[in-house]
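# Secondary and tertiary structure notes
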Amino acid sequence: MTTEGIVKDEVEVPEKVQVTLEGPVVKVKGPKGEVSRRLHDPRVTVAKKGNNVVISCATLRAKERALVGTYGAHLRNMIVGVTRGFEYKMKIVYAHFPIKASVKGDTFLVENFLGEKSPRKTDIIGATKVTIKGDQVLLTGPDVEEVGQTAANIERATKIRGFDPRIFQDGIYITEKPGR
């Protein structure tokens with residue numbers, strides 16, 4: 001929304017959600033957890049106005065005007081994350097050697113991948129929870145970036161090197177993401 005060179009984006013905050021502004025850091029707290037993010041461009045202002053958060057910019061430069069929409073999208077994702085959460089579904093696929101996946105603390109282990117002796121490891125980022133049921137891996141959490149990065153790390157850990165990928169299609173792949 002624009003009015004005489006000022007770009008504004010208003011994000012409505014639901015009843016169960018608390019938004020606090022501490023300088024450039026925005027904290028959103030809700031029933032599923034807490035997410036914080038640093039929104040630090042000095043030309044873009046973020047302010048609370050009643051039950052809304054108003055993001056505005058008074059410059060004519062396209063880069064800063066685009067940040068208003070970006071910050072609004074980040075804030076909406078944070079609100080969705082603390083109210084409903086984000087969920088990625090992955091599938092364990094193997095044809096040659098049965099893959100055993102497990103979670104040890106904040107590490108995801110993939111054992112017997114292509115018959116390898118040592119397990120492949122990857123980090124579980126932030127407050128992401130990983131559940132393994134049979135050949136399904138379910139990742140859930142309040143921060144879409146942490147859940148998505150954890151899914152990408154798992155997929156990358158099972159990347160095939162040194163074999164023909166048309167024949168060896170083993171791995172753990174993302175089958176479902178939020179927003180699809």
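Whatever comes next refers back to the structure up there.
Scoring rules and cut-offs
- Residues numbered from 1 in each chain as written.
- Predicted model: local features only at pLDDT ≥ 70, side-chain atom pairs only at ≥ 80, totals over all residues.
- Heavy atoms only, no water.
- Helix = DSSP H or I, 4+ residues; strand = E, 2+ residues; numbered from the N terminus.
- Buried < 20%, exposed > 50% of the residue type's maximum accessible area, 1.4 Å probe, protein only.
- Lys, Arg positive; Asp, Glu negative; His and termini not counted.
- Salt bridge = Lys/Arg side-chain N within 4 Å of Asp/Glu carboxyl O.
- Contact = heavy atoms within 4.5 Å.
- Pairing = 2+ DSSP bridges.
- Axes fitted to C-alpha atoms, helices over the stretch in contact; angles between N-to-C directions.
- Expected span 1.5 Å × (residues − 1).
- Polar contact = N/O pair within 3.5 Å; in protein donor to acceptor, adjacent residues only side chain to side chain.

### Some remarks on the side chain of D143
Of note, D143 is situated in the loop between β13 (136–141) and α2 (144–157). R37 provides the closest opposite charge to the buried, unpaired D143, separated from it by 5.1 Å. Ignoring any residue separated from it by four or fewer positions in sequence, one finds D143 in contact with V35 and F86.

### Details of the pattern of salt bridges
Within this structure, the stated rule accounts for 9 salt bridges. When the shortest N-O distance is used, the salt bridge between E22 and K27 registers 3.6 Å. Relative accessible area serves as the criterion here: at 47%, E22 is assigned to the partly exposed category. In this structure, D135 engages K91 in a salt bridge whose closest nitrogen and oxygen atoms are separated by 3.5 Å.

### With respect to the sheet that holds strand β14 (residues 171–176)
Strand pairs in the sheet, formed through backbone hydrogen bonds, run parallel or antiparallel to each other. One open sheet holds the 4 strands; their spatial order is β12-β13-β8-β14, and the pairing between them is antiparallel. Edge positions in the sheet fall to β12 (129–133) and β14, since each has one partner strand and no second. Strand-to-strand twist across the sheet, computed as the mean angle between neighbouring axes with direction ignored, equals 25 degrees. In this sheet, β14 lies alongside strand β8 (residues 86–93) in antiparallel orientation, the contact comprising 5 bridges.

### Some remarks on the pairing of strand β5 (residues 33–38)
Strand direction decides the pairing type here: strand β4 (residues 25–30) and β5, joined by 6 bridges, are antiparallel. Pairing of V26 across the sheet is with R37, part of β5. Count of turn residues in the β4/β5 antiparallel hairpin: 2 residues.

### Quick look at α2
Between its first and last C-alpha, α2 extends 20 Å over 14 residues, near the 20 Å set by a 1.5 Å rise per residue. All of the buried residues along α2 are V147, G148, T150, A151, N153, I154 and A157. Those residues of α2 that are buried are in contact with β8, β10 (107–111), β11 (120–123), β13 and β14. Capping of α2 at its N-terminal end is provided by D143; its side-chain oxygen lies 3.2 Å from the backbone amide nitrogen of E145.

### Some words on the pairing of β4
Residues in a regular strand point their side chains to alternate faces of the sheet. Burial along β4 is one-sided: V26, V28 and G30 are buried, and none of V25, K27 and K29, which face the opposite way, are. Hairpin remark: strand β3 (residues 18–22) followed by β4, antiparallel, with 2 residues in the connecting loop; positive phi at G23, about 70 degrees.

Geometry only, nothing functional implied.
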